[in-house]
Amino acid sequence: MKGFRSRFYTSYESESAILPTRTQKVTVAVLVVLVLLAPFGVIPGMRFLVEEPSWFRILARMFAFGVAGLGLNLLTGVAGQVSLGHSFFMGVGAYTAMVVGGEGVGFGTETGFIGYGLPIWVWLPAAALVPAILGAIIAPAAVRVRGLYLAFVTLGLVFIGQHAFRNMRRIAGDSEGGRGFQALELGGFSFTRSTDVLGQTVHGNAVLFLFFFVLFVIAVLFHKNFVRTRTGRAWQSIRDRDIAAEVMGIPETRYKTLAFAVSSAYAGVGGAMLASLAGNPGPATWDLNLAVVMIAIVLIGGAGTTAGPILGALFVVILPELVEGATGWLANLAKSGEGMGATLADFVVATGPADFGLISVIQGGSGISVFDFNNIIYGLLIILFLIFEPLGLFGIWINIRNYWKGWPFTY
């Protein structure tokens, strides 16, 4: 029994550590090593990343969603403030980065974009600071309401942002072409250009992947430290019972405002990262669909946990790739016309304008598009997780872990 008792926490410091258990420390160390070695193709089973460098951009997109998801988790999962307007602050962060860091022709001309051409160590913090200030300004009006009313207040920000972004063409560009994002460079080093490391060429997508990974790790550390500080404990008390927290002396409005500001800062950085991947993001990028994706990241991954948004971001980025691959395979099977499998595939996917299918792999087909099918999956998973597993994928992992530790006993 001594071995089991040694796993118990004996102090608050040990329990609130960033990685409180040996298993977590080993797991994180292994994952970091895998990420750092992945661009070199030396890990069996991960060499496909080097052979198909586009996967590095997909995983970099996961890091961008992860940063924004961590911010929404602080607001919704930790502080208990429902927000459907996260995509608005992501757009603000993206366009702040483009104005501060992009090339422009100034205010005195009739055409062209506004930009100051400042380096990344200026425009990236600005992408966090401006949304944070805007979030703090909006927060006093938002925190006057709770629950569903707060969700509708923040939802209004998405529509306001859509209208504003479409009309600020000197900043955001037109609705079709958008505005080009500046090069990701620091001191003459480009994060998107192939480079030689120890005699081996690392693809530009892999360099970008590593840079985004560094930003993601910094965001995770700040998130974890926020949760375990006095501010994080105040947020959790407001989430669990806001009236009781206020009676105990916690200034509710001040902490809610701080939660909106910090969450908006995360969203701004995540938006800037996504904009750099898109290249020329248009105003339609920061729409209601992106807000739903952000909610899906938190709820599917596990609200209120640090690992939850990470798992949720990985899920929502990989899922469309899996769906696209599966529908492409079904389309090829349907076109082959061989056997019962082809008949079933022809019923599922529509491969021609006059062909019937539940999912259309061509534009203008009879079924729903692959994009809409992904949204349906997000909606169904949100419903299922809220009903059966509120802690999302993280809750499923907890159940598996507890079952493994308690086996063969059921109590």
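Rules used throughout
- Residues numbered from 1 in each chain as written.
- Predicted model: local features only at pLDDT ≥ 70, side-chain atom pairs only at ≥ 80, totals over all residues.
- Heavy atoms only, no water.
- Helix = DSSP H or I, 4+ residues; strand = E, 2+ residues; numbered from the N terminus.
- Rg over C-alpha atoms; globule rule 2.2 N^0.38 Å.
- Buried < 20%, exposed > 50% of the residue type's maximum accessible area, 1.4 Å probe, protein only.
- Salt bridge = Lys/Arg side-chain N within 4 Å of Asp/Glu carboxyl O.
- Core = buried A, V, L, I, M, F, W, Y, C linked by side-chain atoms within 4.5 Å.
- Contact = heavy atoms within 4.5 Å.
- Patch = residues over 30% accessible without salt bridge, like charges linked within 9 Å, V, L, I, M, F, W, Y side chains within 5 Å.
- Areas by Shrake-Rupley, 256 points an atom, 1.4 Å probe, with all protein chains shown as cover.
- Expected span 1.5 Å × (residues − 1).
- Arc of directions from axis to C-beta.

(A) Quick peek at the overall build of the chain. From N to C terminus, the chain includes 18 helices and seven strands. Taking 411 residues into account, the globule formula puts the C-alpha radius of gyration at 22 Å, and the chain, at 23 Å, falls close to it. Overall size of the chain, expressed as C-alpha extent along the three principal axes, is 65 × 65 × 55 Å. Of all 411 residues assigned to the chain, the portion counted as buried reaches 45%.

(B) How the structure looks around the pattern of salt bridges. Tallied over the entire structure, the rule returns five salt bridges. Close ionic contact of arginine 146 with aspartate 242 constitutes a salt bridge, the shortest N to O distance being 2.5 Å. With arginine 146 in the loop between helix 7 (120–142) and helix 8 (147–167) and aspartate 242 in helix 12 (residues 242–247), this pair connects stretches of sequence that are 96 residues apart. For arginine 146, a relative accessible area of 44% translates into the label partly exposed. Note that aspartate 240 and arginine 239 form a salt bridge whose closest N and O atoms lie 3.1 Å from each other. For arginine 239, a relative accessible area of 32% puts it in the partly exposed group. Overlapping salt bridges, with partners in common, bring together Arg146, Asp242, Glu252 and Lys256 in one network.

(C) Structural context of the environment of proline 353. The residue proline 353 is located in the loop between strand 5 (349–350) and strand 6 (359–360) in this model. In this structure the C-alpha to C-alpha distance between proline 353 and phenylalanine 226, which are 127 residues apart in sequence, comes to 53 Å.

(D) Representation of the nonpolar core in the model. In terms of nonpolar packing, the biggest core is built from 99 residues, with Phe65, Trp123, Phe212 and Trp286 touching the most fellow members. At 15 residues, helix 5 (residues 54–78) tops the list of elements feeding residues into this core. Filtering out sequence-adjacent residues up to four positions away, phenylalanine 65 remains in contact with Leu274, Leu290, Val293, Met294, Ile297, Ala313 and Val317. Ranked by size, the runner-up nonpolar core spans five residues in total, among them Leu330, Ala334, Ala345 and Val349.

(E) Region of the structure containing a nonpolar patch on the surface. Together, Ile368, Ile376, Leu380, Ile383, Leu384, Leu386, Ile387 and Phe388 give the surface a local cluster of nonpolar side chains, amounting to about 780 Å² of exposed area. The element best represented in the nonpolar patch is helix 17 (residues 370–388), accounting for seven residues. Considering the arrangement of structural elements, one finds isoleucine 376 in helix 17.

(F) Looking closely at the environment of leucine 184. Positionally, leucine 184 belongs in the loop between helix 9 (169–172) and strand 1 (185–186). Residues leucine 184 and proline 119, 65 residues apart in the sequence, show an inter-C-alpha distance of 8.8 Å. In this structure, leucine 184 is in contact with Ile120, Trp123, Phe189, Ser190, Phe191, Thr192, Leu208, Phe212 and Ser276, ignoring residues within four places of it in sequence.

(G) Geometry of helix 18 (residues 392–406). Given a rise of 1.5 Å per residue, 15 residues ought to cover 21 Å, and the 21 Å separating the end C-alpha atoms of helix 18 matches this to within 8%. Considered for burial, the residues of helix 18 that qualify are Gly392, Gly395, Ile398 and Gly406. The buried residues of helix 18 all sit within an arc of 70° when viewed along its axis, so they share a single face. Contact partners of the buried residues in helix 18: helix 14 (288–301) and helix 17.

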